[in-house]
Amino acid sequence: MPESPNGTASRAAAFRPTLGPIDAVVHLSFAVLMVASGVRYVLRHSPADNLWTVALAAAVCVLYAVVAVLAKRRQPWLLWMVALVLAWAVLVIAAPSFAWCSFALFFLSRAAFSGWIAYLAAGLTAIATAIGLFRLSGDTDVAMLLGPIAAAVLLTLVYDRIEQDAALQRRLHADVSQAQERLAASERAAGITAERERVSREIHDTVTQGLASSLLLLEAAQRSWPEEGAKAEVQKAGTLLRQNLADTRSLVHELSAPGLENGPLPQALEQAARQYLGSVILHVTGDPRPVPDEVRHALVRVTQSAAANIKLHAHAEHASLTLGFLPGAVTLDVFDDGRGFDPAAVPPPSEKGGYGLRAMRQRVERLGGVFSVESSPGEGTVVAAQLPLPVMEPSRANQAPIKKDTP
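Chains are numbered independently. Their residues run from 1 in the order of the written sequence. Given that the model is predicted, a residue must reach a pLDDT of at least 70 before its local features are reported, and side-chain atom pairs must reach 80 or more before they are shown or counted; all residues, however, enter totals for whole chains, interfaces and linings. With hydrogens and water excluded, all non-hydrogen atoms of the structure serve as input to the side-chain values.

A tally of helices and strands in the protein yields ten helices and five strands. Relative accessible area decides the class of each residue, using a 1.4 Å probe on protein chains only: under 20% of the type maximum gives buried, over 50% gives exposed, and in between gives partly exposed. Counting the 407 residues in the protein, one finds 39% classified as buried. Throughout, a contact is declared for two residues whenever any of their heavy atoms are within 4.5 Å. Restricting to contacts in the protein with at least 6 residues of sequence separation, those with at least 24 account for 72%. When the accessible surface of the protein is split by element, carbon and sulfur atoms take 63% of a total near 22,700 Å². Runs of H or I in DSSP of at least four residues are treated as helices and runs of E of at least two as strands, each being numbered from the N terminus. Only the protein chains shown count as cover for residues, with accessible areas throughout obtained via the Shrake-Rupley method and a probe of 1.4 Å.

Following this line, the structure appears as structure tokens:
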């Protein structure tokens, strides 16, 4: 067996993980059995015989302690273990009284080595023990010769099975850990994707729509310049750009909507629509009551996006909002009498736009609601959303007086 330059065994003789409390029991058993066997030997033999045997037994104890320490530190030194096994073989053949200590030596060999070197050390221990016991019986008791070998074979099979189960458990633990890591990575990726979609919806419903409306106002002012109405268009564009700046800052600060996340919900929706529409009629049906923050936020954003679409595409003369409170839901209908369109013919989102309807639908459906668009060319458009209302404590934000049917 080749060794590394520092005297440690090669990969085939690498130490296996120690057995924890079992190690302490094995080492204690070895110490007790060595003392008991030594006392038995001293009492049964003359002092001249005791000297060399006791010295060899002491050397075995020292070697055992060295190997046990190295095993604990996971630093197997092959030469130390070979010396221990050889010294033990000589001791047990010369003094079979020490044969009972072979059990501890067997477990130390298996704990210290892997592969063929472990079987060799355990086999040599068993053979030496068998020879010593056979000599003790006067070379007449075959059971003394075969017993230790059979016990070694049995212990080897049991030890191998325990190691196989432990290895399987380690593999299963590693597989579970890898599966958990993959699941965590997948959840992180899904969270990043969801967050990107959420941010894109926020930007579309606030900054993008506002900039598009501002551009329309500035283009109108350019066409009518220097007429009196051009100045009003520029002022409107400036107001809308300032609102866009506030919206952009709010996206940086937890994506809140300044001025729209407080106060009664109907007034917040009306204010959101008036950012893009000069005139809008608000209707409230049912008994107004508090709604969760995420539902309120979704309704505000849907209103903003629908109003921006009316401003950019509908060319409508009138627009209205209908907020309805049902027993277990809240509804929002945004109507305009513009030129309408075919919902089935809406092109997919691209760099030129087309994200509005998709963003509104995602917002509503993410909260378990229903989103629909009813429109046809020349017939106007109705954008409808219905969101479930869970039971919740009243909030201060929604307890202000609510004004119905305001023009």
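Read on, since the account is not over.
Our next topic: the sheet that holds strand 5 (residues 381–388). A strand pair is defined by DSSP finding two or more bridges across the two strands. Taken together, five strands build an open sheet; the order of strands is 1-2-3-5-4 and the sheet is mixed. The sheet is open, and its two edges are formed by strand 1 (281–285) and strand 4 (370–375), each paired on a single side. Looking at each pair of strands side by side, their axes are set apart by 10° on average, direction ignored. Relative to strand 3 (residues 329–336), strand 2 (residues 319–325) is paired through seven bridges, and the arrangement is antiparallel. Residue pairing for strand 3: Ala-319 is matched across the bridge by Asp-336. Strands strand 1, strand 2 and strand 3 of the sheet are contacted by helix 8 (residues 265–274), whose axis makes an angle of about 155° with strand 2. Lines fitted to C-alpha atoms define the axes, with helix axes restricted to the stretch in contact, and inter-axis angles between N-to-C directions lie between 0 and 180 degrees. Sheet contacts for helix 10 (residues 356–366): strand 4 and strand 5; angle to strand 4, the most-contacted strand, approximately 145°.

Let us now look at the side chain of Ser-375. If you trace the backbone, Ser-375 turns up in strand 4. Polar contacts involving the side chain of Ser-375 include one to the main-chain amide nitrogen of Phe-341, which spans 3.0 Å. Distance and chemistry together define a polar contact, namely a pair of N or O atoms within 3.5 Å, with one atom able to donate a hydrogen and the other to accept it when in protein, and with adjacent residues in sequence counting only for side-chain atoms on both sides. Only 3.0 Å separates the side chain of Ser-375 from the backbone oxygen of Gly-380, close enough to count as a polar contact. When sequence neighbours within four positions are dropped, the list of residues in contact with Ser-375 reads Gly-340, Phe-341, Pro-343, Gly-380 and Thr-381.

A few words now on the nonpolar core. Each nonpolar core is a collection of buried residues, namely Ala, Val, Leu, Ile, Met, Phe, Trp, Tyr and Cys, held together in the definition by side-chain atoms within 4.5 Å. In this structure, Leu-269, Leu-299 and Val-330 are the most contacted members of the largest nonpolar core, which totals 35 residues. Elements supplying a minimum of two residues to this core: helix 8, strand 1, helix 9 (293–314), strand 2, strand 3, helix 10, strand 4 and strand 5. Aside from chain neighbours lying at most four places away, what touches Leu-299 is Leu-265, Leu-269, Leu-323, Val-330, Leu-332 and Leu-387.

Glancing now at helix 9. The length a helix should cover is 1.5 Å for every residue beyond the first. A rise of 1.5 Å per residue sets the reference length of helix 9, with its 22 residues, at 32 Å; its end C-alpha atoms lie 30 Å apart and thus fit the reference within 8%. With respect to burial, helix 9 is a largely interior element, 18 of its 22 residues being buried. His-315, located one to two residues past helix 9, shows a positive phi value of around 55°.

Moving on: the pairing of strand 1. Burial of the side chains of strand 1 is restricted to one face: Leu-282 and Val-284 are buried, whereas none of Ile-281, His-283 and Thr-285 on the reverse face is. Pairing of strand 1 with strand 2 involves five bridges; the strand directions are parallel. Looking at the pairing, His-283 lines up with Thr-322 of strand 2. Throughout, right-handed denotes a crossover for which the path from the first strand over the helix to the second runs clockwise when the strands point away from the viewer. A crossover links strand 1 with its parallel partner strand 2, the connecting element being helix 9, and its sense is left-handed.

Before going further, it helps to spend a moment on the side chain of Thr-381. Tracing the backbone shows Thr-381 in strand 5. In terms of polar contacts, Thr-381 uses its side chain to reach the side chain of Ser-375, at 2.8 Å. Every residue in contact with Thr-381, bar those within four places of it in the chain, is listed here: Val-334, Phe-335, Asp-336, Gly-340, Phe-341, Val-373, Glu-374 and Ser-375.

A separate point is helix 10. Taken together, the buried positions of helix 10 are occupied by Gly-356, Ala-359, Met-360, Arg-363 and Val-364. One side of helix 10 carries all its buried residues, which in axial view fall inside an arc of 125°. Positive phi shows up at Gly-368, right after helix 10, with a value of about 80°. Here, the arc refers to the directions that run from the helix axis to the C-beta atoms.

Glancing now at the environment of Gln-271. Assignment of secondary structure puts Gln-271 in helix 8. Accessibility expressed as a relative area gives 39% for Gln-271, which makes it partly exposed. Sequence separation of Gln-271 and Gln-304 is 33 residues, and the distance between their C-alpha atoms is 9.1 Å.

Glycine aside, negative phi is the norm for most residues, and most peptide bonds take the trans geometry. Phi is positive for His-315, which is not a glycine, with a value near 55°. Looking at where His-315 falls in the secondary structure, it is placed in the loop between helix 9 and strand 2.

One can describe the packing of helix 8 onto helix 9 by two numbers: an axis separation of 8 Å at closest approach and a directional angle of 30°. Between helix 8 and helix 9, the interaxial angle falls into the category roughly parallel. Crossing of helix 8 against helix 9: the hand is right-handed. The segment helix 8 lies against helix 9, with Leu-265, Ala-268, Leu-269, Ala-272 and Ala-273 engaging Arg-296, Leu-299, Val-300, Thr-303, Gln-304 and Ala-307. In the scheme used here, Gly and all other residues not listed as nonpolar or charged are polar, with Ala, Val, Leu, Ile, Met, Phe, Trp, Tyr, Cys and Pro taken as nonpolar and Asp, Glu, Lys and Arg as charged. Considering only residue class, the contact of helix 8 with helix 9 consists of eight nonpolar, two polar and one charged. An angle below 35 degrees is treated as roughly parallel, one above 145 as roughly antiparallel, one from 65 to 115 as roughly perpendicular, and anything else as oblique. Crossings are sorted by hand: turned counterclockwise from the far helix by less than a right angle, the near helix makes the crossing left-handed, and turned clockwise it makes it right-handed.

The next thing to look at is the pairing of strand 4. Burial along strand 4 is one-sided: Phe-371, Val-373 and Ser-375 are buried, while Val-370, Ser-372 and Glu-374, pointing the other way, are not. Across six bridges, the pairing between strand 4 and strand 5 is antiparallel. Residue pairing in the sheet places Glu-374 in a bridge with Val-382 of strand 5. The hairpin formed by strand 4 and strand 5 contains five residues between the paired strands, and Gly-378 there has a positive phi angle of roughly 80°.

Glancing now at the pattern of salt bridges. Throughout this description, the term salt bridge denotes a Lys or Arg side-chain nitrogen within 4 Å of a carboxyl oxygen of Asp or Glu. Enumeration according to the criterion identifies three salt bridges in this entry. Residue Arg-161 is joined to Asp-165 by a salt bridge in which the shortest nitrogen-to-oxygen separation is 3.4 Å. In this pair, Arg-161 and Asp-165 are both assigned in helix 6 (residues 142–224), four residues apart and thus about one turn of the helix distant. In this structure Arg-161 comes out as exposed when scored by relative accessible area, which is 53%. Classification of Asp-165 as partly exposed rests on a relative accessible area of 40%.

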